[in-house]
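Now for the letters of each chain:
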Amino acid sequence: MLKRDRGRRDQIDPGPLTLRPRRVRFDLSDAPLHWIPGEPVASHIVSSFNFVFPEAERFFVDAFTEALPAIDDARLRADVLGFIGQETVHADTHQLTMTEYFARHGIDTAPLEAQVAWAVRKVFGPREFADERRRRQYLVERLAVIGAAENFTAFLGDFALNNAWDRAGAHYGMAELWRWHGAEEMEHRTVAHDVATYFDASYLRRVRALVITLAVLVLLFGRCARFLAAHDPAIPRHRFAIARGFFAAARRGLLPSIGQMTRSVVDYLRPSYTPDMTGSMAQALAFLAQVESRHAA
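What you see is a predicted model; the values in this text were computed from it and never measured.

**Student:** For this particular structure, what's the right way to read the pattern of salt bridges?
**Tutor:** For side chains bearing opposite charge, pairing can occur when the charged atoms are close. Counted by the stated rule, this structure contains 19 salt bridges. The shortest N-O distance in the salt bridge between Asp166 and Arg179 comes to 3.0 Å. Of this pair, Asp166 sits in the loop between helix H4 (132-161) and helix H5 (172-187) while Arg179 sits in helix H5, and the two are 13 residues apart along the sequence. With a relative accessible area of 53%, Asp166 lands in the exposed category. Overall, the relative accessible area of 11% leaves Arg179 in the buried class.

Printed below as a string of structure tokens:
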């Protein structure tokens, strides 16, 4: 099971990375709806991320594209461009792959996708301001939210690389999809934090962004998980079915536990927080090299 153990952090700095998108495609043609066997709730909770990630990552790309002209640091500009490329591929891959996957299982996800898109755009979408100062402050606020969200995605990336899916017999292609995405989140884990602090290093703004991010994510992921559960007769129709399934799966290392997520939030709230407190970059890069090798073959 994943532990937030600082002993797992890399002892050797891999040095500056050149971020780039990787063109990969995952075969889910035979992936069952319960792609973690006997774990309908765990399968749906992870699958629910497919509805949030594409729209959220497009929001990230839009905000970073808007911010790019104001970034004078050459290294940070290069990182932002690499980040934009990776997040664009993530959004497109999840949108295409999972739309086909759910359609094959007879689930029309269009209403849910529309709800998520409306919510993300309503809260974080671009807005017109007559006053330049207000426009910039709104952009800085969105960048701070992205910094907070990317702490969460890096945590999830570390979890994806170190969980118990294989022992539970999870579908290989589905597990690889999430581990590829998670490893790239680990690879660019520092970029959003660096951009947010480049524009405003205020600790108060960082905390405010975390509160906003957690509130939106809990609502969206909860809505998506309930939607999938409602279309699955294998999940009992009572109000605590998803909660029970979540806690049972977390005990088996199939989902991150409340304790692990809480420790991630506590780490982020430390004034000394840096994104490289999360997981192992060496592990993420090694996995990405394996993925590229397999897909090239």
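**Student:** Where do I start with helix H10 (residues 281-296) in this structure?
**Tutor:** Because an α-helix packs 3.6 residues into every turn, residues spaced three or four apart end up facing the same way. Between its first and last C-alpha, H10 extends 22 Å over 16 residues, near the 22 Å set by a 1.5 Å rise per residue. Here H10 has its buried residues at Met281, Ala284, Phe287, Leu288 and Val291. One side of H10 holds all its buried residues, which, seen down the axis, span an arc of 130°. Looking at the buried residues of H10, the elements they touch are H4 and H5. For H10, the capping residue at the N-terminal end is Ser280, with a side-chain oxygen 3.4 Å from the backbone nitrogen of Ala282.

**Student:** How should the environment of Gln115 be read in this particular structure?
**Tutor:** Take Gln115: it is sitting in helix H3 (residues 110-124). Considering only alpha carbons, one finds Gln115 and Leu76, 39 residues apart in sequence, at a separation of 34 Å.

**Student:** I would appreciate a short explanation of the nonpolar core in the present structure.
**Tutor:** Note that soluble globular proteins tend to have their nonpolar side chains buried in a common cluster. Trp35, Phe64, Val80, Leu143, Trp165, Met174 and Trp180 are the most contacted members of the largest nonpolar core, which totals 91 residues. With 15 residues, the single largest contributor to this core is helix H1 (residues 40-67). With sequence-adjacent residues up to four places away left out, Leu143 is seen in contact with Ala63, Phe64, Ala67, Val195, Ala196 and Phe199.

**Student:** Honestly, the packing of H1 against helix H7 (residues 203-230) in this entry has me stumped. Any pointers?
**Tutor:** Where H1 contacts H7, the axes come no closer than 8 Å and their chain directions differ by 120°. Between H1 and H7, the crossing angle belongs to the class labelled oblique. Considering how the two elements wind past one another, H1 and H7 form a crossing that is right-handed. When H1 is examined against H7, the residues His44, Ile45, Ser47, Ser48, Phe49, Phe51, Val52 and Phe53 are found in contact with a partner set consisting of Leu217, Leu220, Phe221, Cys224, Ala225, Leu228 and Ala229.

**Student:** Would you explain the confidence of the model for the protein chain in this entry?
**Tutor:** Detailed reading of the predicted coordinates is not advisable wherever pLDDT is low. Per-residue pLDDT for the protein chain has a mean of 92; in total, 95% of the residues score no lower than 70. Helix H6 (residues 191-199) holds the highest mean pLDDT among the elements of the protein chain, 97, whereas H10 holds the lowest, 89. Taken together, the stretch residues 1-7 has pLDDT below 50 and engages in 22 contacts with residues farther than four places along the chain or on a different chain.

Cut-offs applied
- Residues numbered from 1 in each chain as written.
- Predicted model: local features only at pLDDT ≥ 70, side-chain atom pairs only at ≥ 80, totals over all residues.
- Heavy atoms only, no water.
- Salt bridge = Lys/Arg side-chain N within 4 Å of Asp/Glu carboxyl O.
- Helix = DSSP H or I, 4+ residues; strand = E, 2+ residues; numbered from the N terminus.
- Buried < 20%, exposed > 50% of the residue type's maximum accessible area, 1.4 Å probe, protein only.
- Expected span 1.5 Å × (residues − 1).
- Arc of directions from axis to C-beta.
- Contact = heavy atoms within 4.5 Å.
- Polar contact = N/O pair within 3.5 Å; in protein donor to acceptor, adjacent residues only side chain to side chain.
- Core = buried A, V, L, I, M, F, W, Y, C linked by side-chain atoms within 4.5 Å.
- Axes fitted to C-alpha atoms, helices over the stretch in contact; angles between N-to-C directions.
- Parallel < 35°, antiparallel > 145°, perpendicular 65-115°, else oblique.
- Left-handed = near helix turned anticlockwise from the far one by under 90°.
- pLDDT = per-residue confidence, 0-100.

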